[in-house]
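Per-entry structural report
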Number of protein chains: 2
Amino acid sequence: MPLLLLKDLPRYECLLEAAKEFPDLDPSACEAYLNLLRTSDEVHAVIEGLLAEYQISSGRFGVLMLLGRAANARACGPVGGSTPAELADAAGVARATMTGLVDTLERDGLVRREPNLEDRRMMSVVLTPAGNTLIRSMLPKHFQLMAALMQPLTVEERKTLVGLLHKVLRHAPDCNRRPSPSA
Amino acid sequence: MPLLLLKDLPRYECLLEAAKEFPDLDPSACEAYLNLLRTSDEVHAVIEGLLAEYQISSGRFGVLMLLGRAANARACGPVGGSTPAELADAAGVARATMTGLVDTLERDGLVRREPNLEDRRMMSVVLTPAGNTLIRSMLPKHFQLMAALMQPLTVEERKTLVGLLHKVLRHAPDCNRRPSPSA
DNA sequence: AAAACATCATTAGCCACCTAACTGTCAGCC
DNA sequence: GGCTGACAGTTAGGTGGCTAATGATGTTTT
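Below: a short report on this structure. (Residues numbered from 1 in each chain as written. Chains lettered and ligands numbered in written order. Predicted model: local features only at pLDDT ≥ 70, side-chain atom pairs only at ≥ 80, totals over all residues. Heavy atoms only, no water.)

Side note on the protein's contact with DNA strand D
- The immediate surroundings of DNA strand D are formed by 26 residues, with Pro84 and Arg113 of chain A together with Ala94, Ala96 and Thr97 of chain B found nearest.
- Here DNA strand D approaches the protein such that, of its atoms within 4 Å, sugar and phosphate make up 76%.
- Ala85 of chain A places a main-chain nitrogen or oxygen 3.1 Å from a phosphate oxygen of DNA strand D.
- Contact distances for DNA strand D include 2.4 Å between a phosphate oxygen and a side-chain N or O atom of Thr97 of chain B.
- Among the secondary structure elements, those contributing two or more residues to the surface near DNA strand D are helix 4 (84-91) and helix 5 (95-107) of chain A together with helix 3 (58-74) and helix 5 (95-107) of chain B.
- Of the residues forming the surface near DNA strand D, the biggest block, five residues, is contributed by helix 5 of chain B. (Near = heavy atom within 4 Å. Polar contact = N/O pair within 3.5 Å; in protein donor to acceptor, adjacent residues only side chain to side chain. Helix = DSSP H or I, 4+ residues; strand = E, 2+ residues; numbered from the N terminus.)

Quick look at the structure:
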(Lines give C-alpha, C1' and ligand atoms only; values in the text may rest on other atoms or scores of the structure.)
Protein backbone atom coordinates (compact mmCIF):
# COMPACT_ATOMS: atom_id res chain seq x y z
CA MET A 1 0.00 0.00 0.00
CA PRO A 2 2.19 2.75 -1.34
CA LEU A 3 2.41 5.97 0.55
CA LEU A 4 2.93 7.59 -2.77
CA LEU A 5 6.46 8.42 -1.96
CA LEU A 6 8.97 8.91 -4.71
CA LYS A 7 9.96 5.44 -5.77
CA ASP A 8 13.47 6.37 -6.78
CA LEU A 9 15.16 8.27 -4.01
CA PRO A 10 17.29 11.25 -4.97
CA ARG A 11 21.01 10.83 -4.77
CA TYR A 12 22.77 12.60 -1.92
CA GLU A 13 24.49 15.01 -4.27
CA CYS A 14 21.11 16.10 -5.55
CA LEU A 15 20.06 16.87 -2.02
CA LEU A 16 23.18 18.95 -1.55
CA GLU A 17 22.35 20.77 -4.76
CA ALA A 18 18.76 21.38 -3.68
CA ALA A 19 19.96 22.64 -0.31
CA LYS A 20 21.51 25.60 -2.07
CA GLU A 21 18.10 26.72 -3.20
CA PHE A 22 16.26 25.81 0.00
CA PRO A 23 18.21 26.82 3.09
CA ASP A 24 15.82 24.83 5.27
CA LEU A 25 16.76 21.57 3.61
CA ASP A 26 19.01 19.48 5.83
CA PRO A 27 20.48 16.88 3.47
CA SER A 28 21.26 14.22 6.04
CA ALA A 29 17.84 14.59 7.68
CA CYS A 30 16.13 14.47 4.33
CA GLU A 31 18.05 11.40 3.28
CA ALA A 32 17.21 9.59 6.51
CA TYR A 33 13.59 10.58 6.22
CA LEU A 34 13.23 9.41 2.64
CA ASN A 35 15.01 6.13 3.25
CA LEU A 36 12.91 5.42 6.31
CA LEU A 37 9.61 5.86 4.51
CA ARG A 38 10.79 4.18 1.35
CA THR A 39 12.13 1.10 3.09
CA SER A 40 9.13 0.63 5.30
CA ASP A 41 6.91 1.01 2.28
CA GLU A 42 8.81 -1.73 0.51
CA VAL A 43 8.75 -4.01 3.51
CA HIS A 44 5.07 -3.39 3.91
CA ALA A 45 4.47 -4.27 0.29
CA VAL A 46 6.30 -7.57 0.70
CA ILE A 47 4.21 -8.50 3.71
CA GLU A 48 1.04 -7.57 1.88
CA GLY A 49 2.08 -9.89 -0.89
CA LEU A 50 2.04 -12.77 1.55
CA LEU A 51 -1.24 -11.75 3.13
CA ALA A 52 -2.83 -11.44 -0.29
CA GLU A 53 -2.32 -15.16 -0.81
CA TYR A 54 -4.82 -15.61 1.99
CA GLN A 55 -7.20 -12.92 0.69
CA ILE A 56 -6.35 -10.86 3.73
CA SER A 57 -5.50 -7.18 3.77
CA SER A 58 -3.07 -5.72 6.22
CA GLY A 59 -5.94 -4.16 8.14
CA ARG A 60 -7.84 -7.40 8.44
CA PHE A 61 -4.69 -9.22 9.48
CA GLY A 62 -4.16 -6.73 12.28
CA VAL A 63 -7.62 -7.38 13.63
CA LEU A 64 -7.17 -11.15 13.49
CA MET A 65 -3.84 -10.83 15.29
CA LEU A 66 -5.39 -8.77 18.06
CA LEU A 67 -8.20 -11.24 18.48
CA GLY A 68 -5.81 -14.17 18.45
CA ARG A 69 -3.75 -12.52 21.14
CA ALA A 70 -6.89 -11.93 23.19
CA ALA A 71 -7.88 -15.57 22.72
CA ASN A 72 -4.51 -16.64 24.12
CA ALA A 73 -4.78 -14.26 27.04
CA ARG A 74 -8.09 -15.58 28.28
CA ALA A 75 -7.08 -19.19 28.94
CA CYS A 76 -8.68 -19.17 32.38
CA GLY A 77 -12.32 -18.22 32.04
CA PRO A 78 -14.82 -17.75 29.24
CA VAL A 79 -13.86 -14.14 28.75
CA GLY A 80 -15.60 -12.67 25.74
CA GLY A 81 -13.55 -11.25 22.89
CA SER A 82 -12.58 -7.64 22.52
CA THR A 83 -14.86 -4.71 21.93
CA PRO A 84 -14.67 -2.79 18.66
CA ALA A 85 -13.48 0.23 20.61
CA GLU A 86 -10.58 -1.68 22.13
CA LEU A 87 -9.64 -3.04 18.73
CA ALA A 88 -9.78 0.39 17.15
CA ASP A 89 -7.56 1.86 19.86
CA ALA A 90 -5.03 -0.94 19.68
CA ALA A 91 -4.85 -0.72 15.92
CA GLY A 92 -4.79 3.07 15.86
CA VAL A 93 -7.78 3.55 13.59
CA ALA A 94 -11.14 5.23 13.98
CA ARG A 95 -14.04 3.27 15.35
CA ALA A 96 -15.95 3.62 12.13
CA THR A 97 -13.03 2.00 10.34
CA MET A 98 -13.11 -0.90 12.76
CA THR A 99 -16.83 -1.27 12.17
CA GLY A 100 -16.13 -1.73 8.47
CA LEU A 101 -13.28 -4.19 9.02
CA VAL A 102 -15.34 -6.30 11.41
CA ASP A 103 -18.18 -6.16 8.90
CA THR A 104 -16.15 -7.75 6.15
CA LEU A 105 -14.45 -10.23 8.48
CA GLU A 106 -17.84 -11.27 9.79
CA ARG A 107 -19.19 -11.55 6.25
CA ASP A 108 -16.31 -13.91 5.45
CA GLY A 109 -16.99 -15.97 8.56
CA LEU A 110 -13.69 -15.21 10.30
CA VAL A 111 -15.08 -13.34 13.29
CA ARG A 112 -18.43 -13.11 15.03
CA ARG A 113 -20.13 -10.29 16.91
CA GLU A 114 -21.70 -11.17 20.20
CA PRO A 115 -23.87 -8.89 22.29
CA ASN A 116 -22.72 -8.01 25.76
CA LEU A 117 -25.42 -9.07 28.17
CA GLU A 118 -24.40 -6.66 30.90
CA ASP A 119 -24.13 -3.49 28.83
CA ARG A 120 -26.30 -3.54 25.78
CA ARG A 121 -24.32 -0.73 24.16
CA MET A 122 -21.33 -3.02 23.84
CA MET A 123 -20.42 -5.81 21.48
CA SER A 124 -17.76 -8.47 21.71
CA VAL A 125 -15.82 -9.54 18.64
CA VAL A 126 -14.49 -13.09 18.75
CA LEU A 127 -12.60 -15.30 16.31
CA THR A 128 -14.64 -18.08 14.77
CA PRO A 129 -12.99 -21.48 14.45
CA ALA A 130 -12.40 -20.68 10.78
CA GLY A 131 -10.75 -17.40 11.72
CA ASN A 132 -8.60 -19.11 14.30
CA THR A 133 -7.53 -21.78 11.85
CA LEU A 134 -6.66 -19.19 9.25
CA ILE A 135 -4.54 -17.04 11.52
CA ARG A 136 -2.71 -20.06 12.97
CA SER A 137 -1.88 -21.23 9.46
CA MET A 138 -0.61 -17.82 8.42
CA LEU A 139 1.62 -17.04 11.37
CA PRO A 140 4.52 -19.36 10.55
CA LYS A 141 4.90 -17.96 7.03
CA HIS A 142 4.51 -14.47 8.37
CA PHE A 143 7.32 -15.00 10.86
CA GLN A 144 9.49 -16.59 8.21
CA LEU A 145 9.01 -13.59 6.00
CA MET A 146 9.93 -11.18 8.78
CA ALA A 147 13.08 -13.17 9.34
CA ALA A 148 13.87 -13.15 5.63
CA LEU A 149 13.35 -9.41 5.40
CA MET A 150 15.76 -8.75 8.25
CA GLN A 151 18.20 -11.42 7.19
CA PRO A 152 20.68 -8.91 5.68
CA LEU A 153 21.17 -7.43 9.15
CA THR A 154 23.10 -9.08 11.94
CA VAL A 155 21.48 -9.30 15.34
CA GLU A 156 23.80 -6.51 16.42
CA GLU A 157 22.73 -4.32 13.51
CA ARG A 158 19.09 -4.97 14.28
CA LYS A 159 19.59 -3.72 17.80
CA THR A 160 21.26 -0.62 16.45
CA LEU A 161 18.43 -0.07 14.01
CA VAL A 162 15.80 -0.47 16.71
CA GLY A 163 17.66 1.98 18.91
CA LEU A 164 17.84 4.62 16.22
CA LEU A 165 14.22 4.15 15.20
CA HIS A 166 13.14 4.34 18.79
CA LYS A 167 14.81 7.71 19.21
CA VAL A 168 12.89 9.03 16.23
CA LEU A 169 9.62 7.43 17.32
CA ARG A 170 9.76 8.87 20.82
CA HIS A 171 10.54 12.33 19.56
CA ALA A 172 8.04 12.42 16.70
CA PRO A 173 5.02 13.56 18.71
CA ASP A 174 6.95 16.69 19.74
CA CYS A 175 7.03 17.68 16.09
CA ASN A 176 3.27 17.91 16.00
CA ARG A 177 3.16 21.31 17.64
CA ARG A 178 0.63 23.44 15.82
CA PRO A 179 1.98 26.88 14.96
CA SER A 180 -0.18 28.76 17.46
CA PRO A 181 -1.89 26.61 20.08
CA SER A 182 -2.64 29.88 21.87
CA ALA A 183 -0.23 28.91 24.61
CA MET B 1 -2.40 7.00 7.26
CA PRO B 2 -2.18 4.08 9.61
CA LEU B 3 -1.07 0.78 8.26
CA LEU B 4 -3.18 -0.76 10.94
CA LEU B 5 -0.15 -1.93 12.76
CA LEU B 6 -0.35 -2.55 16.46
CA LYS B 7 0.02 0.84 18.06
CA ASP B 8 1.74 -0.45 21.17
CA LEU B 9 4.62 -2.67 20.23
CA PRO B 10 5.16 -5.82 22.25
CA ARG B 11 8.02 -5.86 24.69
CA TYR B 12 11.02 -7.93 23.75
CA GLU B 13 10.37 -10.43 26.52
CA CYS B 14 6.93 -11.07 25.05
CA LEU B 15 8.53 -11.86 21.73
CA LEU B 16 10.85 -14.30 23.45
CA GLU B 17 7.83 -15.87 25.10
CA ALA B 18 5.94 -16.10 21.81
CA ALA B 19 8.99 -17.64 20.15
CA LYS B 20 8.54 -20.68 22.36
CA GLU B 21 5.19 -21.34 20.76
CA PHE B 22 6.19 -20.38 17.22
CA PRO B 23 9.60 -21.71 16.29
CA ASP B 24 9.63 -19.58 13.14
CA LEU B 25 9.53 -16.39 15.15
CA ASP B 26 12.91 -14.67 15.20
CA PRO B 27 12.63 -12.16 18.05
CA SER B 28 15.27 -9.72 16.86
CA ALA B 29 13.92 -9.75 13.31
CA CYS B 30 10.40 -9.27 14.54
CA GLU B 31 11.40 -6.42 16.78
CA ALA B 32 13.24 -4.67 13.97
CA TYR B 33 10.33 -5.21 11.61
CA LEU B 34 7.75 -3.85 14.02
CA ASN B 35 9.82 -0.84 14.97
CA LEU B 36 10.51 -0.01 11.35
CA LEU B 37 6.86 0.02 10.35
CA ARG B 38 5.70 1.68 13.52
CA THR B 39 8.23 4.50 13.33
CA SER B 40 7.66 5.23 9.70
CA ASP B 41 3.95 5.24 10.34
CA GLU B 42 4.41 7.82 13.06
CA VAL B 43 6.71 9.95 10.92
CA HIS B 44 4.27 9.75 8.08
CA ALA B 45 1.45 10.86 10.33
CA VAL B 46 3.43 13.91 11.44
CA ILE B 47 4.11 14.91 7.87
CA GLU B 48 0.48 14.44 6.95
CA GLY B 49 -0.42 16.77 9.78
CA LEU B 50 1.59 19.52 8.10
CA LEU B 51 0.21 18.80 4.66
CA ALA B 52 -3.33 18.85 6.00
CA GLU B 53 -2.88 22.52 6.87
CA TYR B 54 -2.68 23.09 3.14
CA GLN B 55 -5.59 20.77 2.32
CA ILE B 56 -3.15 18.46 0.62
CA SER B 57 -2.96 14.71 1.04
CA SER B 58 0.28 12.84 0.89
CA GLY B 59 -0.63 11.53 -2.55
CA ARG B 60 -1.38 14.95 -3.95
CA PHE B 61 1.80 16.31 -2.43
CA GLY B 62 3.81 13.65 -4.19
CA VAL B 63 2.36 14.63 -7.53
CA LEU B 64 3.03 18.30 -6.97
CA MET B 65 6.62 17.52 -5.96
CA LEU B 66 7.19 15.48 -9.09
CA LEU B 67 5.76 18.23 -11.26
CA GLY B 68 7.80 20.86 -9.47
CA ARG B 69 10.92 18.85 -10.03
CA ALA B 70 10.05 18.48 -13.70
CA ALA B 71 9.47 22.21 -13.93
CA ASN B 72 12.95 22.82 -12.54
CA ALA B 73 14.51 20.30 -14.88
CA ARG B 74 13.20 21.87 -18.07
CA ALA B 75 14.82 25.29 -17.71
CA CYS B 76 16.09 25.28 -21.30
CA GLY B 77 13.14 24.75 -23.63
CA PRO B 78 9.39 24.74 -23.37
CA VAL B 79 9.29 21.09 -22.46
CA GLY B 80 5.78 20.01 -21.57
CA GLY B 81 5.06 18.57 -18.15
CA SER B 82 5.03 14.91 -17.31
CA THR B 83 2.64 12.30 -18.57
CA PRO B 84 0.28 10.55 -16.17
CA ALA B 85 2.11 7.31 -16.83
CA GLU B 86 5.47 8.82 -15.87
CA LEU B 87 3.96 10.27 -12.73
CA ALA B 88 2.37 6.95 -11.80
CA ASP B 89 5.65 5.12 -12.30
CA ALA B 90 7.67 7.62 -10.33
CA ALA B 91 5.18 7.60 -7.50
CA GLY B 92 4.75 3.86 -7.55
CA VAL B 93 0.99 3.82 -7.98
CA ALA B 94 -1.35 2.46 -10.62
CA ARG B 95 -2.20 4.65 -13.55
CA ALA B 96 -5.83 4.71 -12.59
CA THR B 97 -4.84 6.11 -9.23
CA MET B 98 -2.86 8.85 -10.91
CA THR B 99 -5.86 9.69 -13.06
CA GLY B 100 -7.89 10.24 -9.92
CA LEU B 101 -5.21 12.34 -8.23
CA VAL B 102 -4.77 14.51 -11.29
CA ASP B 103 -8.55 14.85 -11.47
CA THR B 104 -8.82 16.34 -8.03
CA LEU B 105 -5.71 18.48 -8.43
CA GLU B 106 -7.09 19.83 -11.69
CA ARG B 107 -10.48 20.45 -10.10
CA ASP B 108 -8.71 22.51 -7.43
CA GLY B 109 -6.78 24.47 -10.03
CA LEU B 110 -3.34 23.24 -9.02
CA VAL B 111 -2.47 21.38 -12.21
CA ARG B 112 -3.64 21.44 -15.81
CA ARG B 113 -3.87 18.73 -18.44
CA GLU B 114 -2.57 19.60 -21.85
CA PRO B 115 -2.89 17.45 -24.94
CA ASN B 116 0.26 16.20 -26.58
CA LEU B 117 0.28 17.38 -30.18
CA GLU B 118 2.60 14.65 -31.43
CA ASP B 119 0.93 11.64 -29.88
CA ARG B 120 -2.74 12.16 -29.34
CA ARG B 121 -2.93 9.30 -26.85
CA MET B 122 -0.78 11.23 -24.45
CA MET B 123 -1.45 14.06 -22.07
CA SER B 124 0.90 16.39 -20.28
CA VAL B 125 0.28 17.39 -16.73
CA VAL B 126 1.71 20.75 -15.72
CA LEU B 127 1.63 22.85 -12.59
CA THR B 128 -0.57 25.93 -12.77
CA PRO B 129 0.80 29.15 -11.27
CA ALA B 130 -1.43 28.49 -8.27
CA GLY B 131 0.01 25.02 -7.92
CA ASN B 132 3.53 26.30 -8.21
CA THR B 133 2.92 28.98 -5.61
CA LEU B 134 1.44 26.45 -3.23
CA ILE B 135 4.25 23.96 -3.48
CA ARG B 136 6.89 26.67 -3.13
CA SER B 137 5.24 27.93 0.00
CA MET B 138 5.01 24.46 1.51
CA LEU B 139 8.55 23.29 0.90
CA PRO B 140 10.34 25.31 3.60
CA LYS B 141 8.03 24.05 6.34
CA HIS B 142 8.27 20.56 4.95
CA PHE B 143 12.05 20.65 5.12
CA GLN B 144 11.96 22.11 8.61
CA LEU B 145 9.73 19.28 9.73
CA MET B 146 12.04 16.66 8.26
CA ALA B 147 14.91 18.26 10.12
CA ALA B 148 12.90 18.33 13.34
CA LEU B 149 11.93 14.68 12.99
CA MET B 150 15.54 13.63 12.55
CA GLN B 151 16.87 16.04 15.14
CA PRO B 152 17.31 13.33 17.81
CA LEU B 153 19.87 11.63 15.58
CA THR B 154 23.37 12.91 14.97
CA VAL B 155 24.60 13.15 11.41
CA GLU B 156 26.67 10.07 12.10
CA GLU B 157 23.65 8.15 13.36
CA ARG B 158 21.64 9.18 10.32
CA LYS B 159 24.30 7.72 8.07
CA THR B 160 24.19 4.50 10.06
CA LEU B 161 20.42 4.42 9.83
CA VAL B 162 20.45 5.00 6.09
CA GLY B 163 23.01 2.26 5.67
CA LEU B 164 20.97 -0.27 7.62
CA LEU B 165 17.75 0.67 5.87
CA HIS B 166 19.42 0.45 2.53
CA LYS B 167 20.51 -3.11 3.20
CA VAL B 168 16.94 -4.05 3.97
CA LEU B 169 15.55 -2.14 1.01
CA ARG B 170 17.86 -3.74 -1.50
CA HIS B 171 17.18 -7.20 -0.21
CA ALA B 172 13.40 -6.87 0.14
CA PRO B 173 12.52 -7.76 -3.45
CA ASP B 174 14.24 -11.12 -3.01
CA CYS B 175 11.67 -11.95 -0.35
CA ASN B 176 8.90 -11.75 -2.89
CA ARG B 177 9.59 -15.20 -4.28
CA ARG B 178 6.30 -16.91 -4.84
CA PRO B 179 6.24 -20.46 -3.50
CA SER B 180 6.38 -22.14 -6.91
CA PRO B 181 7.42 -19.92 -9.82
CA SER B 182 7.81 -23.14 -11.77
CA ALA B 183 11.57 -22.65 -11.81
C1' DA C 1 -4.03 -1.29 -47.12
C1' DA C 2 -5.90 -4.06 -43.53
C1' DA C 3 -5.68 -6.61 -39.52
C1' DA C 4 -3.62 -7.62 -35.22
C1' DC C 5 -1.34 -5.97 -31.42
C1' DA C 6 0.36 -2.59 -27.93
C1' DT C 7 -0.21 1.49 -25.29
C1' DC C 8 -2.44 5.63 -23.09
C1' DA C 9 -5.95 7.55 -20.47
C1' DT C 10 -10.26 6.96 -18.53
C1' DT C 11 -14.15 4.68 -16.27
C1' DA C 12 -16.41 1.69 -12.97
C1' DG C 13 -16.50 -0.87 -8.92
C1' DC C 14 -14.20 -2.52 -4.74
C1' DC C 15 -11.77 -1.81 -0.16
C1' DA C 16 -9.90 0.82 3.68
C1' DC C 17 -9.34 4.94 5.77
C1' DC C 18 -11.23 9.44 7.68
C1' DT C 19 -14.78 12.83 10.11
C1' DA C 20 -19.28 14.01 11.44
C1' DA C 21 -23.79 12.97 12.59
C1' DC C 22 -27.05 9.64 14.40
C1' DT C 23 -29.26 5.80 17.49
C1' DG C 24 -29.53 3.43 21.47
C1' DT C 25 -28.10 2.69 26.21
C1' DC C 26 -26.34 3.75 30.74
C1' DA C 27 -25.70 6.68 34.80
C1' DG C 28 -26.43 10.56 37.51
C1' DC C 29 -29.28 14.19 39.23
C1' DC C 30 -33.46 17.08 39.83
C1' DG D 1 -40.29 9.24 37.75
C1' DG D 2 -38.06 11.93 34.08
C1' DC D 3 -34.05 15.10 32.08
C1' DT D 4 -29.32 15.36 30.74
C1' DG D 5 -24.87 14.07 29.49
C1' DA D 6 -21.57 10.52 28.39
C1' DC D 7 -20.52 6.71 25.75
C1' DA D 8 -20.70 2.42 22.26
C1' DG D 9 -21.51 1.36 17.85
C1' DT D 10 -23.29 2.40 13.34
C1' DT D 11 -24.33 5.13 9.30
C1' DA D 12 -23.28 8.53 5.70
C1' DG D 13 -20.29 10.90 2.74
C1' DG D 14 -15.61 11.90 1.11
C1' DT D 15 -10.72 10.58 -0.37
C1' DG D 16 -7.23 7.66 -2.13
C1' DG D 17 -5.64 3.25 -3.09
C1' DC D 18 -6.46 -1.08 -6.21
C1' DT D 19 -7.88 -4.13 -10.49
C1' DA D 20 -10.35 -4.93 -14.67
C1' DA D 21 -12.53 -3.37 -18.68
C1' DT D 22 -13.13 0.23 -22.39
C1' DG D 23 -12.19 3.41 -26.21
C1' DA D 24 -9.02 5.86 -28.79
C1' DT D 25 -4.76 6.03 -30.93
C1' DG D 26 -0.07 4.23 -32.63
C1' DT D 27 2.69 0.50 -34.37
C1' DT D 28 3.68 -3.71 -36.50
C1' DT D 29 2.74 -7.51 -39.40
C1' DT D 30 0.80 -9.65 -43.14
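With respect to helix 4 of chain A
Residues and elements named next belong to chain A.
- For helix 4, the set of buried residues is Leu87, Ala88 and Ala91. Buried residues in helix 4, looked at end-on, bunch into an arc of 100°, giving them a common side.
- Where helix 4 terminates, the next one or two residues include Gly92, which has phi positive at roughly 75°. (Buried < 20%, exposed > 50% of the residue type's maximum accessible area, 1.4 Å probe, protein only. Arc of directions from axis to C-beta.)

Observations concerning the relation of the copies chain B and chain A
- Superposing chain B onto chain A requires a rotation of 180° together with a translation of 0.0 Å along the rotation axis, leaving an RMSD of 0.1 Å. Put plainly, the chains are arranged around a two-fold axis.
- Most of the interface of chain B is mirrored in chain A: 100% of its interface residues are interface residues there too. (Least-squares fit on C-alpha atoms with pLDDT ≥ 70 in both. Contact = heavy atoms within 4.5 Å.)

Comments concerning the protein's contact with DNA strand C
- What surrounds DNA strand C is a group of 26 residues, the closest being Ala94 and Thr97 of chain A together with Pro84, Arg95 and Arg113 of chain B.
- Protein-proximal atoms of DNA strand C, defined as those within 4 Å of the protein, fall in sugar or phosphate at a share of 76%.
- Elements with a contribution of two residues or more to the surface near DNA strand C: helix 5 of chain A together with helix 4 (84-91) and helix 5 of chain B.
- For the surface near DNA strand C, the element with the most residues is helix 5 of chain A, which contributes five residues.
- Among the residues forming the surface near DNA strand C, the class breakdown is 11 nonpolar, six polar and nine charged. (Nonpolar A, V, L, I, M, F, W, Y, C, P; charged D, E, K, R; others polar.)

Brief notes about the environment of Met65 of chain B
Residue and element names in this part refer to chain B.
- When you line up the elements, Met65 lands in helix 3.
- The exposure class assigned to Met65 is partly exposed, which follows from its relative accessible area of 24%.
- The spatial distance from the C-alpha of Met65 to the C-alpha of Leu139 is 9.2 Å, given a sequence separation of 74 residues.
- If we skip the residues at most four places from it in the chain, Met65 touches Ile135 and Leu139.

Focus: the packing of helix 2 (residues 27-52) of chain A against helix 6 (residues 129-150) of chain A
All names here are of chain A.
- Helix 6 packs onto helix 2 with a crossing angle of 155° between their chain directions and a minimal axis gap of 10 Å. Comparing their axes, helix 6 and helix 2 come out roughly antiparallel. For the crossing formed where helix 2 meets helix 6, the hand is right-handed. Across the interface between the two elements, Val43, Val46, Ile47, Leu50 and Leu51 of helix 2 pack against Met138, Lys141, His142, Leu145 and Leu149 of helix 6.
- Taken together, the residues of the contact of helix 2 with helix 6 break down into eight nonpolar, one polar and one charged. (Axes fitted to C-alpha atoms, helices over the stretch in contact; angles between N-to-C directions. Parallel < 35°, antiparallel > 145°, perpendicular 65-115°, else oblique. Left-handed = near helix turned anticlockwise from the far one by under 90°.)

Note that all results are geometric; they support no functional claim without further evidence.
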